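# Descriptive analysis of the structure
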Amino acid sequence: MELLSALTRRQHEHRARTVARLTSVLDTRLLPAGLQEMALYYRARAYRDTGHGPESRHGYQQVADGNGRLAPAARRGLAQAARLAGDFPTAHTAAQTLGWEGRHQRVLGDLRWLQREPEQAAAAHLAGRTEAEQHGVTGEAAHNQALRALSVAFYDPAQADDEIDLAHQLLANLDLRATTINAAIAALIRDAGHPALDDRIRTLRTELDVAGLTSMTAALELAAAFHQAVLDDHDALAATLARLREQTRTGTTPTTSTSPPSWPASPPCRPHLPALAGQRTGHPHPMAHPRHRPPAPSPPVAAEETRRPRRPTV
């Protein structure tokens with residue numbers, strides 16, 4: 001009963017508390033093999049969420065070595081751990097062997113993101129969502145869709161409206177806190193340049209702290225940095241980049257699929273954020289969502305952008 005209680009509560013309490021609950025259950029050594037595997041796997045995930053990489057990898061490896069029902073998910077966890085450590089060849093090789101059971105498209109999308117290829121990342125997460133829908137796994141579909149929305153928001157904020165809407169449709173009857181936050185971060189990136197965005201960023205920082213989702217902090221800070229780049233706020237951007245460098249240097253914020261280390265954490269690559277923000281020329285804040293852009297002097301007349309049809313509810 002304590003195991004089921006810990007798994008049920010993990011979406012509503014600090015992940016460190018989940019680690020403590022599951023460790024207590026495991027220390028009894030009374031669980032049958034199937035439940036032992038489940039406890040090890042979800043503790044490994046909670047360790048990952050709280051930024052404890054070595055402990056997370058150890059737990060995933062134990063589950064993978066057991067070749068039980070959760071072994072494919074644990075192998076995905078190991079591939080993601082390699083990605084987080086910057087060992088991209090190992091992560092890519094592992095992704096080729098994961099198949100649907102190991103959610104290979106999600107891992108490939110995360111790797112594309114780290115290579116600063118948001119279009120390719122969005123395509124991989126679309127493929128992952130499609131596979132999940134074909135298998136009737138709504139949670140996985142929602143997770144891929146939130147990640148897809150986050151990628152699309154960087155290069156096409158108008159299309160991101162529909163992608164974010166679909167993510168929320170898929171999440172409507174689910175209790176997936178981290179995925180819901182990913183969708184919220186996608187909305188921040190879409191709305192970069194909005195004058196009220198700082199309040200939303202502070203709210204999400206508090207939510208991450210309360211949930212113990214340390215592993216997602218860099219994603220949120222990346223969104224903040226992009227917002228500041230759109231506004232040409234050099235002082236705020238420099239402070240955010242410095243904070244990200246410190247977090248990744250000390251290991252308090254592991255780099256995630258939504259926070260490429262070579263963007264904010266590496267000084268030589270600092271221009272990538274302003275470059276993304278300036279992809280659309282002819283406007284002082286070119287990547288801000290159209291409804292949030294400040295007036296531009298003598299803007300050229302442009303045809304109204306055609307939005308793609310809204311996807312029906314899945």
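The structure under discussion appears in the preceding block.
It should be emphasised that the depicted structure is a prediction, and the values quoted were computed from it without experimental measurement.

About the thresholds
Residues numbered from 1 in each chain as written. Predicted model: local features only at pLDDT ≥ 70, side-chain atom pairs only at ≥ 80, totals over all residues. Heavy atoms only, no water. Helix = DSSP H or I, 4+ residues; strand = E, 2+ residues; numbered from the N terminus. Expected span 1.5 Å × (residues − 1). Buried < 20%, exposed > 50% of the residue type's maximum accessible area, 1.4 Å probe, protein only. Arc of directions from axis to C-beta. Salt bridge = Lys/Arg side-chain N within 4 Å of Asp/Glu carboxyl O.

Right, let's get into helix H2 (residues 15–27). For H2, spanning 13 residues, the distance from its first C-alpha to its last is 18 Å, which sits close to the expected 18 Å at 1.5 Å a residue. Looking only at H2, the buried set comprises Arg15, Thr18, Val19, Arg21, Leu22, Val25 and Leu26. Projected onto a plane normal to the axis of H2, the buried residues spread over an arc of 165 degrees and lie on a single side. Positive phi shows up at Arg29, right after H2, with a value of about 55 degrees.

On to the environment of Gln36. Position of Gln36 among the secondary structure elements: in helix H3 (residues 33–49). According to the relative accessible area criterion, Gln36 is partly exposed, its value standing at 26%. Sequence spacing of Gln36 and Leu26 is ten residues, and the spatial spacing of their C-alpha atoms is 7.0 Å.

Here the focus is the pattern of salt bridges. The final tally for this structure, using the stated rule, is 15 salt bridges. The closest approach of N and O atoms between Arg129 and Glu133, which form a salt bridge, is 3.4 Å. Residue Arg129 and its partner Glu133 are located together in helix H8 (residues 118–135), separated by four residues, close to a single helical turn. On the accessibility criterion, Arg129 (7% relative accessible area) is buried. Between Arg190 and Asp191 there is a salt bridge whose closest N-O contact spans 2.8 Å. Each member of the pair Arg190 and Asp191 is classed as buried.

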